[in-house]
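Observations on chain architecture
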Amino acid sequence: MKVEEIKKVACVGAGVIGYSWALYFALKKLDVFVYDITEESLELAKKRIHESLLSLYKNEVIQEDEITEIESRIVYTIKMEEAVKEVQFIVESAPENYDIKREIVKEIEQFTSEKTIIASSTSGLLITEIANCAKNPERFIGAHPYNPPHLIPLVEITKGEKTSEEVVEVAKKFYTSIGKEPVVLQKEALGFICNRIQMALYREVCDLVMRGVCSVEDADKAVTYGPGLRWGIMGPSLVFQLGGGQNGIDGLLKHIGPSIDMWLQDMADFKEFPKEFGAIAREGVEEEMKNRSRSIGNDDTSLAEYRDKMLIEMLKLHNKL
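What comes next is a walk through the structure. It should be emphasised that the depicted structure is a prediction, and the values quoted were computed from it without experimental measurement.

About the cut-offs
- Residues numbered from 1 in each chain as written.
- Predicted model: local features only at pLDDT ≥ 70, side-chain atom pairs only at ≥ 80, totals over all residues.
- Heavy atoms only, no water.
- Helix = DSSP H or I, 4+ residues; strand = E, 2+ residues; numbered from the N terminus.
- Expected span 1.5 Å × (residues − 1).
- Buried < 20%, exposed > 50% of the residue type's maximum accessible area, 1.4 Å probe, protein only.
- Contact = heavy atoms within 4.5 Å.
- Polar contact = N/O pair within 3.5 Å; in protein donor to acceptor, adjacent residues only side chain to side chain.
- Pairing = 2+ DSSP bridges.
- Axes fitted to C-alpha atoms, helices over the stretch in contact; angles between N-to-C directions.
- Salt bridge = Lys/Arg side-chain N within 4 Å of Asp/Glu carboxyl O.
- 1 Å grid on protein atoms, 1.4 Å probe; cavity = no way out; pocket = protein on both sides within 12 Å on 5 of 7 lines; lining within 4 Å.
- Points joined across faces, edges and corners; volume = space filled by probe spheres on them.

**Remarks on helix H14 (residues 300–317)**
Under the 1.5 Å per step criterion, the end-to-end length of H14 is 26 Å for 18 residues, consistent within 8% with the ideal 26 Å. Inspection of H14 places Ser302, Asp308, Leu311, Ile312 and Leu315 among the buried residues, and these make up the whole buried set. Among the structural elements, helix H2 (39–58) are those in contact with the buried residues of H14. Put simply, Asp299 is the residue that caps the front of H14, since its side-chain oxygen is 3.2 Å from the backbone nitrogen of Thr301.

Here is the structure:
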């Protein structure tokens, strides 16, 4: 299949990730079929898409008269055959469970062409395992977005043992053609790239809080107003390249290497999060919210609005919106 042939896509699963993918594809002028098992789930997806479009209008990404046009590109259905039979690309966003995803794979394959590419939005499961009972495992990839997919450009493409390199290349070109930033894992790894990096950072946050070094709020501030600002501009290796001056990243690591070694000896290396940390983190977040104004998010709703507004402004700077 060629990228130019991809005109219709299906989103199987209409939850937080699925609806956002559907919105993004519609924004990019693709015809979209959205599938879920209940009409209630589809109605919620439709509501979320409309609210997100209003947010994009409010933040001057789209014009008000575009909303109806964008929504008209989306068809909602509880029939799998209707959702997938005529599409060239399928995004599966079912719950993060091998058995559930395998059952969906079987159902999808009853109604699709063998050429149709199937991409799983899995946050960290192995594509080899998801597609191990598939009739055509060569056309399966992982395509992990970062939430919300209709705003954040990253897509992590992963391969199973039987995934075709041609399929990977077509998928990469497809995502690039619609404004995404795809990265390809050269071998399978649980959690992929970003979730592993994210959880390594959060393991250290957990350890610092549990040891009484800082509060949840101050850990959030430290990331937001420190390295997070730089990471929103460029990746950590590029940041270190500039930090090393004329000697670059290798010069920096040599210069502060002895200190880094001492930090690493003192940093968290546990393999399971402490069971009690969820309650501690929740209490810390609730206290943190009390110290925030509504304009920057002091409950879940206003926090999501603030996140989206800031993401949109950053993406405009990156020329991604």
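**Considering the sheet that holds strand S8 (residues 181–184)**
In space, the eight strands of this open sheet follow the order S3-S2-S1-S4-S5-S6-S7-S8, with mixed pairing throughout. Lying at the two open borders of the sheet, with one neighbouring strand each, are strand S3 (74–77) and S8. Going across the sheet, the axis of each strand differs from the next one's by a mean of 25°, ignoring polarity. Where strand S1 (residues 8–12) meets strand S4 (residues 89–92), four bridges bridge the pair, whose relative direction is parallel.

**Observations regarding the pattern of salt bridges**
In total, this model carries 20 salt bridges according to the counting rule given. The residue Lys159 makes a salt bridge to Glu165 at a minimum N-O spacing of 3.2 Å. On the basis of relative accessible area, Lys159 is assigned to the buried category, the value being 14%. The closest approach of N and O atoms between Glu286 and Arg282, which form a salt bridge, is 3.1 Å. With a gap of four residues between them, Glu286 and Arg282 both fall in helix H13 (residues 277–290), about one helical turn apart. On the basis of relative accessibility, which here comes to 55%, the residue Arg282 falls in the exposed class. Each of Asp99, Arg102 and Glu129 takes part in one network of salt bridges that share partners.

**With respect to the layout of surface pockets**
Its boundaries defined by the atoms lining it, the second largest pocket holds a volume of some 770 Å³. Contributing to the lining of the second largest pocket are 26 residues, with Ser55, Thr301, Ala304, Glu305 and Asp308 lying nearest its centre. Only helix H1 (16–27), H2 and H14 provide two or more residues apiece to the lining of the second largest pocket. In terms of residues, the lining of the second largest pocket owes the most to one element, H14, which gives nine residues.

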